[in-house]
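Okay, here's what each chain looks like letter by letter:
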Amino acid sequence: MRLALLIVGLTAGAAWLAQRVELVYNGPYLAGAGSNPGGQVFLAVPLAALAAAALFRGLLGPGDRAVLYAGLAVGASVTASGMMHRFLPALVTGFYGGFARPDGPYHRFLQVVPGWLVPGGPNEAPAVGAFEGGAAVPWGAWLLPLLAWTAFFGAFFLTSFCLVWLLRRRWLETERLGFPLLEMPRALIEGGLFRRRPFWWGMLVPVVLLGVNGLHHYAPDVPEIPAGVNLANFLLDDPWKAMATFESPFWFDFDPLLVGVAFLMPVEVSFSTWVFYLLTRAQLLVGHFLGRSEYRGDFIPGHGSPWLDWPAHFPFFMNQARGGLLLLGIMSLWAARRSLGAAWSWRSPAVWGLAGGLVFLWGWTTALGVPAVMGAAALGLILLVCVAFARLRADGGLPVTGTPMLAGYLFFVAAGTGAGRFADSTYVGFAFLAVFGFTMIGLWPALQLEGLKLAETSGASPRRLVWGMALGLLAGLGAGYLFALETIYDHGLFALQEQGGARAEARIGRYYNYLFKDAGTVTGPTDWVRLTFHAAGAAFTGFLAFMRQHFLRWPLHPMGFVFGTGFGWLVWGSVLCGWLCKWLAVRYGGARTYRRVLPFFLGMIFGEVCMRLLWAAVALWQGGMGEGYRI
């Protein structure tokens, strides 16, 4: 009972705090940073709770700490920027202002949005109050949509967990995945980390860097410590400036937390990540020489392109990465086929849960407007992507914080877009399924897998871990709905976007509308070029996997190709620093030296988490809307 109260209370407290710090004051992210990899890899509240439990060791045993962390990791991630801030605005944006004009291009699509999916109609009180603020939350209008979406989220959580449970023997016992990102919570669960001197020296790096830069934010007379270099400032002439385009920046960033994460990764994964990112610069250079730098193909991605196809021009990095990602998911399931076959029994609750969850999700998706066959294919694609991203995080230690891929993308690339290509309800259904691309819910399989691993290492019962995560989910959804909607209706999305900290979060609601409008009104044929780049990415990933399997010293890892090509621009500088530190430690000191210096890099991770909490407290104390320091 005490542990359940802690999970519920801390999740609710995190939800209350995150609305004010993230939405109102523009302070540091505390509860996830959406789906962008390289964002808040470790949520502040769960690690802070583990640190407090480690300091007061008599309060909770190791097993209870593991359950607490697993429950908070799930619960806190849905309360704010990891989900609510990017999900709730999407349900009202299309029904306010210019989007809802009867003579506008969106009107015909809004007519087929199911009434149980959104609160109210065009320019009715729920949408007007959400944007203009100063209104009470119309809970009566929100009740049915929130219940419908809660059922959807719960069914997906159950389905993904049952799939993870069926995979656990292969991944945890046969392959024994490394779970590098669990080093930080495991060290706090086991205790003793605060007695290690290198840990405190490591904490000093983010404390100084983020402390000084935070002071600079509030007092500009304090000099700022630069933590990044824009290499575009040095690539000013042809052809070199083609290596740093607006859509594909060329920044070298130093982030203490990401350096620590890179130190935890396998050396070949971190090495491949920054190497393949630099090879994308070479691809841009080749594209310039070929005169193809501005070629964008036939697909019409619309305003959602940062989450669809970024950069949206030749040589289509996200398409290459996506092809490799899908192949990684397929290879992971294929390698586990015997384990899945052995676990498949109609006496197994996991099998019934998986089957029942899939049937419910399929029915929910078809009720949304997606045809039955396409709905089944979309769900299969979503689960495949979730498995692949879980593999990237659990095995490669890569900073995966979501599944930034939209289900409708491949359907539109393969079949084309425009009026008559698909029904209007299909465009709308695929647009609302973008909740998987804009939030962290696609990360649940990875978090569930990490929970099972914590149960194994801490001695906690897997059953308790499951109930802890389920309780965290329910508490996170309830507290997130309550505090996020109260904040939105109090201040209004206009004020939160223009004056507060919700510029990106509030704008994401528009992308849902752009997605169905652009795909439904702009005629585009099958984009064979993008499909070819998907196939090329998959083929190269398969080649790298083959070489790793047959040549022991092959240095390039397929996970590094997928992440470095698709998202390397967000993390490559820090990954390079972390890789170099680990390579030197292992190369010249061996495993013993690695274990001795590991607390230093764990300190870098924990130090940034502490600075997030510190500047969150300062943002609350300052109380100025939009004036917080966002790390």
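Use the structure listed above.
Here goes a summary of the coordinates provided. Remember, it's a predicted structure, so these values are computed and weren't measured experimentally. (Residues numbered from 1 in each chain as written. Predicted model: local features only at pLDDT ≥ 70, side-chain atom pairs only at ≥ 80, totals over all residues. Heavy atoms only, no water.)

A few words on the overall build of the chain. Counting secondary structure elements, the chain contains 25 helices and 2 strands. Compactness check: the chain gives a C-alpha radius of gyration of 24 Å against a globular reference of 25 Å for 631 residues, within 12% of the reference. Overall size of the chain, expressed as C-alpha extent along the three principal axes, is 70 × 65 × 60 Å. Going through the 631 residues of the chain one by one, you find that 59% of them count as buried. When contacts within the chain are restricted to residue pairs at least 6 apart in sequence, those whose partners lie at least 24 apart make up 82%. If you sum the accessible surface of the chain, you get close to 23,900 Å²; carbon and sulfur atoms cover 65% of it. Distance from the positive charge centre (43 side chains) to the negative charge centre (32 side chains) of the chain: 13 Å. (Helix = DSSP H or I, 4+ residues; strand = E, 2+ residues; numbered from the N terminus. Rg over C-alpha atoms; globule rule 2.2 N^0.38 Å. Buried < 20%, exposed > 50% of the residue type's maximum accessible area, 1.4 Å probe, protein only. Contact = heavy atoms within 4.5 Å. Areas by Shrake-Rupley, 256 points an atom, 1.4 Å probe, with all protein chains shown as cover. Lys, Arg positive; Asp, Glu negative; His and termini not counted. Charge placed at Lys NZ, Arg CZ, Asp CG, Glu CD.)

Most of helix H18 (residues 424–432) sits inside the fold, with 7 of its 9 residues counted as buried. Where H18 is concerned, the buried positions are Thr426, Tyr427, Val428, Gly429, Phe430, Ala431 and Phe432.

On to the pattern of salt bridges. This model, assessed by the stated rule, comprises 18 salt bridges. As a salt-bridge pair, Asp518 and Lys517 come within 2.9 Å of each other at their nearest N and O atoms. Like Lys517, Asp518 is buried. Two residues, Glu608 and Arg612, come together in a salt bridge whose shortest N-O distance is 3.3 Å. Taken together, the residues span about one helical turn, with Glu608 and Arg612 both in helix H25 (residues 558–622) at a distance of 4 residues. Both residues of the pair, Glu608 and Arg612, belong to the buried class. Overlapping salt bridges, with partners in common, bring together Arg170, Glu175, Arg391 and Asp395 in one network. (Salt bridge = Lys/Arg side-chain N within 4 Å of Asp/Glu carboxyl O.)

Membership of the largest hydrophobic core comes to 191 residues, with the highest contact counts inside it found for Phe42, Phe87, Leu88, Trp149, Phe153, Phe432 and Trp444. Excluding residues that lie within four positions of it along the chain, Phe87 makes contacts with Trp149, Phe153, Val435, Thr439 and Tyr481. Counting residues in each nonpolar core, the second largest holds 6 residues, with Leu209, Leu210, Met611 and Tyr629 among its members. (Core = buried A, V, L, I, M, F, W, Y, C linked by side-chain atoms within 4.5 Å.)

The next subject is the packing of aromatic side chains. Scanning the model with the defined rule gives 60 aromatic pairs in all. Ring geometry for Trp579 and Trp583: centres 6.1 Å apart, planes at 25 degrees, overall stacked. A residue pair is termed a helical-turn pair when its members lie 3 or 4 positions apart in one helix, as Trp579 and Trp583 do in helix H25 at 4 residues. Accessibility expressed as a relative area gives 33% for Trp583, which makes it partly exposed. An aromatic cluster of three or more residues is present, and its members are Phe87, Trp116, Trp149, Phe152, Phe153, Phe156, Phe157, Trp364, Phe436 and Trp444. The lysine or arginine in question, Arg168, covers the ring of Trp165, its NZ or CZ lying 3.9 Å from the ring centre. (Phe/Tyr/Trp six-rings, centres within 6.5 Å; stacked < 30°, edge-to-face > 60°. Lys NZ or Arg CZ within 6 Å of the ring centre and 35° of its normal.)

Glancing now at the side chain of Gln448. Here Gln448 is to be found in helix H20 (residues 444–458). For Gln448, a relative accessible area of 0% gives the class buried. The contact partners of Gln448, leaving out residues within four places of it in the chain, are Phe157, Ser160, Phe161, Val164 and Met469.

An α-helical turn contains 3.6 residues, so any two residues separated by three or four positions project in the same direction. A rise of 1.5 Å per residue sets the reference length of H25, with its 65 residues, at 96 Å; its end C-alpha atoms lie only 47 Å apart and thus fall more than 12% short of the reference. The largest bend in H25 is about 135 degrees, located at Gly589. One or two steps after H25, the chain reaches Gly623, where phi turns positive at roughly 70 degrees. (Expected span 1.5 Å × (residues − 1). Bend = angle between axes of the 7 residues up to and from the residue.)

Once that is clear, we can look at the packing of helix H1 (residues 2–24) against helix H21 (residues 462–491). Orientation of H1 relative to H21, taken along the N-to-C sense of each, is 30 degrees, at an axis distance of 8 Å. Judged by the inter-axis angle, H1 sits roughly parallel to H21. Helix-helix and strand crossings are classified by hand; for H1 and H21 the assignment is right-handed. Note on element contacts: H21 touches H1 through Arg464, Gly468, Leu471, Gly472, Ala475, Gly476, Ala479, Gly480, Phe483, Ala484, Thr487 and His491, opposite Leu3, Ala4, Ile7, Val8, Thr11, Ala12, Ala15, Trp16, Gln19, Arg20, Leu23 and Val24. Here the contact of H1 with H21 is built from residues that sort into 14 nonpolar, 8 polar and 2 charged. (Axes fitted to C-alpha atoms, helices over the stretch in contact; angles between N-to-C directions. Parallel < 35°, antiparallel > 145°, perpendicular 65-115°, else oblique. Left-handed = near helix turned anticlockwise from the far one by under 90°. Nonpolar A, V, L, I, M, F, W, Y, C, P; charged D, E, K, R; others polar.)

Here we come to the side chain of Glu450. The topology assignment puts Glu450 in helix H20. Setting aside chain neighbours within four positions, we find Glu450 in contact with Phe179, Leu181, Leu182 and Arg393.

One way to put it is that helix H8 (residues 183–190) packs onto H25 with a least axis distance of 10 Å and a crossing angle of 100 degrees. In this view, H8 runs roughly perpendicular relative to H25, as classed from their interaxial angle. For the pair H8 and H25, the contacting residues are Glu183, Met184, Ala187 and Leu188 in the first and Arg595, Leu598, Leu602, Ile605 and Phe606 in the second. For the contact of H8 with H25, the per-class residue count stands at 7 nonpolar, no polar and 2 charged.

Turning next to the environment of Leu60. By the element assignment, Leu60 lies in the loop between helix H2 (44–55) and helix H3 (62–77). With 58 residues separating them along the chain, Leu60 and Arg2 place their C-alpha atoms 9.7 Å apart. With near-sequence residues (within four places) excluded, Leu60 lies in contact with Arg2, Leu3, Leu6, Ala53, Arg65 and Leu68.

So, about the environment of Trp528. When you line up the elements, Trp528 lands in helix H24 (residues 528–550). Sequence-wise, Trp528 and Gly71 are 457 residues apart; in three dimensions their C-alpha atoms are separated by 44 Å.

Attention shifts here to a nonpolar patch on the surface. Together, Trp201, Leu204, Val208 and Ile225 give the surface a local cluster of nonpolar side chains, amounting to about 360 Å² of exposed area. With respect to the secondary-structure elements, Trp201 resides in helix H9 (residues 197–218). (Patch = residues over 30% accessible without salt bridge, like charges linked within 9 Å, V, L, I, M, F, W, Y side chains within 5 Å.)

Inspection of every chain in the model, using the stated rule, returns 0 disulfides. Here Cys581 stays free of any disulfide, with the sulfur of Cys577 as its closest cysteine sulfur at 6.8 Å. (Disulfide = S-S within 2.5 Å.)

Position of Gly228 among the secondary structure elements: in strand E1 (residues 228–230). Residue classification places Gly228 among the partly exposed residues on the basis of a relative accessible area of 27%. Setting aside residues up to four positions removed in sequence, Gly228 forms contacts with Trp251, Phe252 and Asp253.

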